[in-house]
Amino acid sequence: MVTFNRRQTMGLIGGAAALGLAAPAIAQNNRIVVGALRFTSHSGSFIAVERNYFAEAGLDVELRFFEAAQPMAVAIASGDVDYAVTAVSGGLISLANRGAIKVIGGALSEEPGIDGQIILASDAAFQAGVTTPAALDGKVFGMSTAGSSFHYMGSRMAQAEGIDLSFTPLQSVGAIIGALRTGDIDAWSIVPHIAKPLAASGAVHEIGRVSDYLPNYQVTTVFTSAQNAADEREKTNAFLNGFSRGVSDYNSTMIDNAGGEDGVNEMVDLIHRYVYTDREREAAATSIINGTMRLNEGARLNVGSVRDQLEWFQSEDLIDADITLETFVDTSYVETFEA
């Protein structure tokens, strides 16, 4: 296991429906591939498929599943996948700088008052007194790769607390969980459907919330190839239309409880076709409900948060200093806001 401090990480990274608009008039059965992870936060796409929102927008959608965000970004850049949702990372920004991809909307957000990503400590660290993020001074924080969203969240927390953290790249979520359980790393932050069961097991402990440090963090974004963004506007608007309808259903049911318990149960059944498929329904339901976070209505994009992330990557020398927000984001598709 290799541990990197702040300096050692340098150079390691080489809405329409919600706005009341009609579905774009495009040729029916326009086939596209949509990338996804088997996470609750990707439910907008699952719902749009299951409830025919993509089909009603004129799209024939194939969902293609990935184990991590970076391979999905590479698949977008190569043209193997048309649209996807992923966290902002140094690798994603670097692909944008090479003219390969564009962010076109927002997906998952931190929101005060709604359970979001949780900061966890290993049992060994917790027993040694690490019961709050402020106690992580000099400790080791887990991340997938340098320049990942985990790296960004941990660094912003450390800056706010005035502490020094080291970061260990472990490549995958499974490897990070294993290292946290064994005490090879001291802390990590992750979405609630993963964090809560881990904390409930007693193997790790909740010590804080990411929203305390990044209250309006734009966790994930909707993105596509630069070619689609520039030359396939009707198709791209059709995708955003179907996706946004799925997001609206998710928020209404899981956040606002508009359909009551029956609505939640129906939504859990739908999501379970894609998430925790190796578990019995009742076992999966708890984790699916635990994973409920606000998705961006109409794929609205918090450009203030995206700008902060861009500037942080640049401050760490993880991406080129001359990359601009306009290089990375096409703001012509959805409503944008600063928060």
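Bear in mind the structure is a predicted one, so any value in this text is a computation, not a measurement. (Residues numbered from 1 in each chain as written. Predicted model: local features only at pLDDT ≥ 70, side-chain atom pairs only at ≥ 80, totals over all residues. Heavy atoms only, no water.)

### Considering the packing of aromatic side chains
And step 1. Counted by the stated rule, this structure contains 11 aromatic pairs.
And step 2. Relative to Phe-65, the ring of Phe-46 lies with its centre 6.1 Å away and its plane at 40 degrees, an arrangement referred to as tilted. Taken together, the residues span a long stretch of sequence, with Phe-46 in helix 1 (residues 43-50) and Phe-65 in strand 2 (residues 59-65) at a distance of 19 residues.
And step 3. Here the aromatic cluster, defined as three or more aromatic residues joined through ring pairs, consists of Phe-54, Tyr-83, Phe-239 and Phe-243.
And step 4. Taking NZ or CZ as reference, Arg-38 lies 3.7 Å from the ring centre of Phe-65, over its face.
And step 5. Between Arg-233 and the ring centre of Tyr-333, over which it is positioned, the NZ or CZ distance is 4.1 Å. (Phe/Tyr/Trp six-rings, centres within 6.5 Å; stacked < 30°, edge-to-face > 60°. Helix = DSSP H or I, 4+ residues; strand = E, 2+ residues; numbered from the N terminus. Lys NZ or Arg CZ within 6 Å of the ring centre and 35° of its normal.)

### A short note on the sheet that holds strand 3 (residues 83-87)
And step 1. On the basis of which strands lie adjacent, the open sheet formed by five strands has the order 2-1-3-10-4 and mixed pairing. Looking at the sheet topology across the chains shown, the edges are occupied by strand 2 and strand 4 (101-106). Across the sheet, the axes of successive neighbouring strands diverge by a mean angle of 30 degrees, strand direction being ignored.
And step 2. For strand 3 and strand 10 (residues 220-225), the ladder comprises five bridges, and the chain directions are antiparallel. (Pairing = 2+ DSSP bridges. Axes fitted to C-alpha atoms, helices over the stretch in contact; angles between N-to-C directions.)

### Quick word on the packing of helix 1 against helix 11 (residues 260-272)
And step 1. Here helix 1 crosses helix 11 at 95 degrees, and the two axes come no closer than 10 Å. It follows from the interaxial angle that helix 1 and helix 11 lie roughly perpendicular. In this structure, helix 1 uses Ser-43, Phe-46, Ile-47 and Glu-50 to contact helix 11, whose residues at the interface are Met-267, Leu-270 and Ile-271.
And step 2. The residue inventory of the contact of helix 1 with helix 11, partitioned by class, reads five nonpolar, one polar and one charged. (Parallel < 35°, antiparallel > 145°, perpendicular 65-115°, else oblique. Contact = heavy atoms within 4.5 Å. Nonpolar A, V, L, I, M, F, W, Y, C, P; charged D, E, K, R; others polar.)

### Some thoughts on the domain arrangement of the chain
And step 1. Split by domain assignment, the chain resolves into domain 1 (30-109 + 217-337) and domain 2 (118-212).
And step 2. Taking only C-alpha atoms into account, the centre of domain 1 sits 24 Å from that of domain 2.
And step 3. The interface of domain 1 with domain 2 comprises 19 residues on the first partner and 16 residues on the second.
And step 4. Where domain 1 abuts domain 2, roughly 1500 Å² becomes buried across the two surfaces, and 65% of that area is made up of carbon and sulfur atoms.
And step 5. When the buried surface of domain 1 facing domain 2 is broken down by residue, Tyr-217, Asn-290 and Trp-312 rank first, second and third, together holding 39% of it.
And step 6. The tally of links from domain 1 across to domain 2 stands at one salt bridge. (Domains from an automatic or database assignment. Buried area = accessible area lost by both parts, 1.4 Å probe. Salt bridge = Lys/Arg side-chain N within 4 Å of Asp/Glu carboxyl O.)

### What to know about the pattern of salt bridges
And step 1. Taken as a whole and judged by the stated rule, the model has 15 salt bridges.
And step 2. When the shortest N-O distance is used, the salt bridge between Asp-269 and Arg-281 registers 2.7 Å. You can see Asp-269 sitting in helix 11 and its partner Arg-281 sitting in helix 12 (residues 281-290), a full 12 residues away along the chain.
And step 3. With relative accessibility at 35%, the residue Asp-269 sits in the partly exposed group.
And step 4. For Arg-281, a relative accessible area of 21% puts it in the partly exposed group.
And step 5. Salt bridges linked by common partners bring Arg-31, Asp-60, Glu-62 and Arg-64 together as one network. (Buried < 20%, exposed > 50% of the residue type's maximum accessible area, 1.4 Å probe, protein only.)

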